[in-house]
Amino acid sequence: MKRFLMLLVATMALTACKTVQIENGEVPDEYLARAKKLEGVYHGSFEGRSGQLTITFEGNKPLLLYKDSRGESLLASQCQSSINNLKWAYVTRKGAVESVGFYFDPGLCMIDGREVQLSFSKDYRTIRLSLLERQYMERRCRWEGGGPNFPPREVCEFYQNDINLYGKFSR
C-alpha cells in the first residue's frame, strides 16, 4: 500500500502544472510552438488609459511592447520604464501557457514592481496584465484572554499588502 501511495504521488507530480524558469529571455524549443500562439497585437487599457500590447518574437526571444497616447511606457513617459526579458512561464499539464512574467525596469519612477505579469485566457484572445505598484506592511492587533488570575494581552500580527496596477487587452 505504501508503494502504491508513493507511485500515486510521483505520478501526480509529473502531471502537475509547472513554472518554467527562462534563461537569457529565450523560450526553450519544446515550448516555442505553444508560446508563438500568443504572438499578436492586443487592444485594451492599462490603469484606465487606452493602449495596445504587442507580443512578437525574435527567434526564441519574446518581446513585449506597450504603447498608448503618452508613449511606450507602462508608467508616465518621464519614468523611462522598460519591459525586458522573459523571466518565467507557467505551463499547465496539457501544455497551455497560462501566465508569464517579464523583467520590468521602472526607470526614474518609484514603484516596487520589478516584474510584469501576464495571464492568458484559454483561447489566448485576452490578456490580463498586472504590475506591483507598492507593497507595505500593516500591523493588526487584538486583545485576547483575561480572566480572574491574569490580565488580557494584546496580540499583534503583521500582514503584507500589495497594491497593483492592472490592464486588460484583447485581440
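Structure's up top.
Definitions and cut-offs
Residues numbered from 1 in each chain as written. Predicted model: local features only at pLDDT ≥ 70, side-chain atom pairs only at ≥ 80, totals over all residues. Heavy atoms only, no water. Helix = DSSP H or I, 4+ residues; strand = E, 2+ residues; numbered from the N terminus. Rg over C-alpha atoms; globule rule 2.2 N^0.38 Å. Buried < 20%, exposed > 50% of the residue type's maximum accessible area, 1.4 Å probe, protein only. Areas by Shrake-Rupley, 256 points an atom, 1.4 Å probe, with all protein chains shown as cover. Lys, Arg positive; Asp, Glu negative; His and termini not counted. Charge placed at Lys NZ, Arg CZ, Asp CG, Glu CD. Core = buried A, V, L, I, M, F, W, Y, C linked by side-chain atoms within 4.5 Å. Contact = heavy atoms within 4.5 Å. Pairing = 2+ DSSP bridges. Axes fitted to C-alpha atoms, helices over the stretch in contact; angles between N-to-C directions.

**Q** Describe the overall build of the chain, with residues and values.
**A** The helix and strand inventory of the chain stands at two helices and nine strands. Ordered by position from N to C terminus, the α and β elements of the chain give α-β-α-β-β-β-β-β-β-β-β. Here the chain has a C-alpha radius of gyration of 22 Å; the compact-globule value for 171 residues is 16 Å, and the former is much larger. A principal-axis box enclosing the C-alpha atoms of the chain has dimensions of 70 × 60 × 25 Å. Taking all 171 residues of the chain together, the buried fraction comes to 35%. Summed over its atoms, the accessible surface of the chain is roughly 11,300 Å², and 52% of this surface lies on carbon and sulfur atoms. Within the chain, the 20 negative side-chain charges are centred at a point lying 7 Å from the centre of the 24 positive side-chain charges.

**Q** How would you explain the nonpolar core if you had to name every residue and give the values?
**A** Side chains of a nonpolar character, in soluble globular proteins, are inclined to be buried together. With 36 residues, the main nonpolar core has Leu-53, Ile-55, Leu-74, Val-116, Leu-118 and Phe-120 as its most contacted residues. Those residues in contact with Leu-118 that sit more than four places away from it in its chain are Leu-53, Ile-55, Leu-64, Glu-98, Ser-99, Val-100, Phe-102, Ile-127, Arg-128 and Leu-129.

**Q** Tell me what's going on with the sheet that holds strand S1 (residues 18-21), and back it up with residues and numbers.
**A** The strand order across the open sheet built from nine strands is S1-S5-S6-S7-S8-S9-S2-S3-S4, with neighbouring strands paired in antiparallel fashion. Since the sheet does not close on itself, it has two edges, and those belong to S1 and strand S4 (61-68), each with one partner. Taken pair by pair, the neighbouring strands of this sheet meet at an average axis angle of 35°, ignoring direction. With eight bridges connecting them, strand S3 (residues 49-58) and S4 associate as antiparallel partners. Bridging from a neighbouring strand, Gly-51 pairs with Asp-68 of S4.

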